Amino acid sequence: MRFLHCIFLLLFLPSVNYANKLSIIVSDVGDSLQLGQRLINSPHAFTLAVFPHMEQSKYLAELSYQKGKDVLVYMPMEPKNSAYVKKNMLMQSMSAGDIKNKLEDSLRSVPHAFGVANYMGSAFVSDSLAMENLLSAIKSNQLAFIDSKTVLKTGVKSLARQLSIPYFSRDV
């Protein structure tokens, strides 16, 4: 059970006219109905980062939205350690069209998402072409990108600004 494997805080940086604010994102949601429902029904304000294509992903995303909680797609991306590569991950080797199709398929699995946060992804986010393709797909779907900072120094923030995409990052 991977539910609540990771809880992280984001300091929303002033990018694209957003005010500074602290936000809590609870990640690794999507595989436990009981824990997901307990979390969603809590009175606390937070955003849920839901894995796409898991047994409870769609239902928990819908319930979160109905309860007034913000939802993100917690998008699995290629890590540097190939031992952790899994099915349904965005891979550096994918074409722009494949990345867009996989993102849109994930959005159908996690309805009402306002953005995409990277799960793992140390290799993917370090690849400027792969990230340009992903951020272009994010822009075409009018979403934000939340950088989990699996790699500290990348050009993702700069690229997001060039493409006028709302960009936020983890800061703990």
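On a predicted model such as this, the values are computed, not experimentally measured, just so you know.

Caption draft 1: A look at the nonpolar core. Counting 52 residues, the largest nonpolar core has Met-77, Val-116, Met-131, Leu-134, Leu-135, Ile-138 and Phe-145 as its most contacted members. When residues no more than four places from it in sequence are discounted, the contact partners of Val-116 are Leu-72, Val-73, Met-75, Met-77, Leu-103, Ile-138, Leu-143, Ala-144, Phe-145 and Ile-146.

Caption draft 2: Fine view of helix 4 (residues 128-140). Taking 1.5 Å as the rise per residue, helix 4 with 13 residues should run 18 Å; its terminal C-alpha atoms sit 18 Å apart, in good agreement. Those residues of helix 4 that fall on the buried side of the exposure criterion are Ala-130, Met-131, Asn-133, Leu-134, Leu-135, Ala-137 and Ile-138. Elements that come into contact with the buried residues of helix 4 comprise strand 4 (70-77), helix 3 (96-109), strand 5 (113-120), strand 6 (144-147) and helix 5 (156-162). Directly beyond the C-terminal end of helix 4, a positive phi value near 55° is found at Gln-142.

Caption draft 3: Spotlight on the pattern of salt bridges. Within this structure, the stated rule accounts for 2 salt bridges. Lys-100 is paired through a salt bridge with Glu-104; the nearest N and O atoms lie 3.8 Å apart. Pair noted here: Lys-100 and Glu-104 are both in helix 3, with a separation of 4 residues, about one helical turn. A relative accessible area of 32% means that Lys-100 is categorised as partly exposed.

Caption draft 4: Structural context of the pairing of strand 7 (residues 167-170). Across 3 bridges, strand 6 lies against strand 7 in parallel orientation. Paired with Phe-145 across the two strands is Tyr-167, which belongs to strand 7. After leaving strand 6, the chain enters helix 5 and then returns to the sheet as strand 7, a path that is right-handed.

Caption draft 5: Quick look at the packing of aromatic side chains. Scanning the model with the defined rule gives 4 aromatic pairs in all. With 5.1 Å between their ring centres and 45° between their planes, Phe-51 and Tyr-74 make a pair best called tilted. Of this pair, Phe-51 sits in the loop between strand 3 (47-50) and helix 2 (57-66) while Tyr-74 sits in strand 4, and the two are 23 residues apart along the sequence. Assessed through its relative accessible area of 6%, Phe-51 is described here as buried. Both rings, one in Phe-51 and one in Tyr-119, keep their centres 4.8 Å apart while their planes meet at 90°; by these two values the pair is edge-to-face. Of the two residues, Phe-51 is situated in the loop between strand 3 and helix 2 and Tyr-119 in strand 5; the sequence distance between them amounts to 68 residues.

Criteria and cut-off values
- Residues numbered from 1 in each chain as written.
- Predicted model: local features only at pLDDT ≥ 70, side-chain atom pairs only at ≥ 80, totals over all residues.
- Heavy atoms only, no water.
- Core = buried A, V, L, I, M, F, W, Y, C linked by side-chain atoms within 4.5 Å.
- Buried < 20%, exposed > 50% of the residue type's maximum accessible area, 1.4 Å probe, protein only.
- Contact = heavy atoms within 4.5 Å.
- Helix = DSSP H or I, 4+ residues; strand = E, 2+ residues; numbered from the N terminus.
- Expected span 1.5 Å × (residues − 1).
- Salt bridge = Lys/Arg side-chain N within 4 Å of Asp/Glu carboxyl O.
- Pairing = 2+ DSSP bridges.
- Right-handed = clockwise from strand over helix to strand, strands pointing away.
- Phe/Tyr/Trp six-rings, centres within 6.5 Å; stacked < 30°, edge-to-face > 60°.

Purely spatial values, then, with no claim about function.
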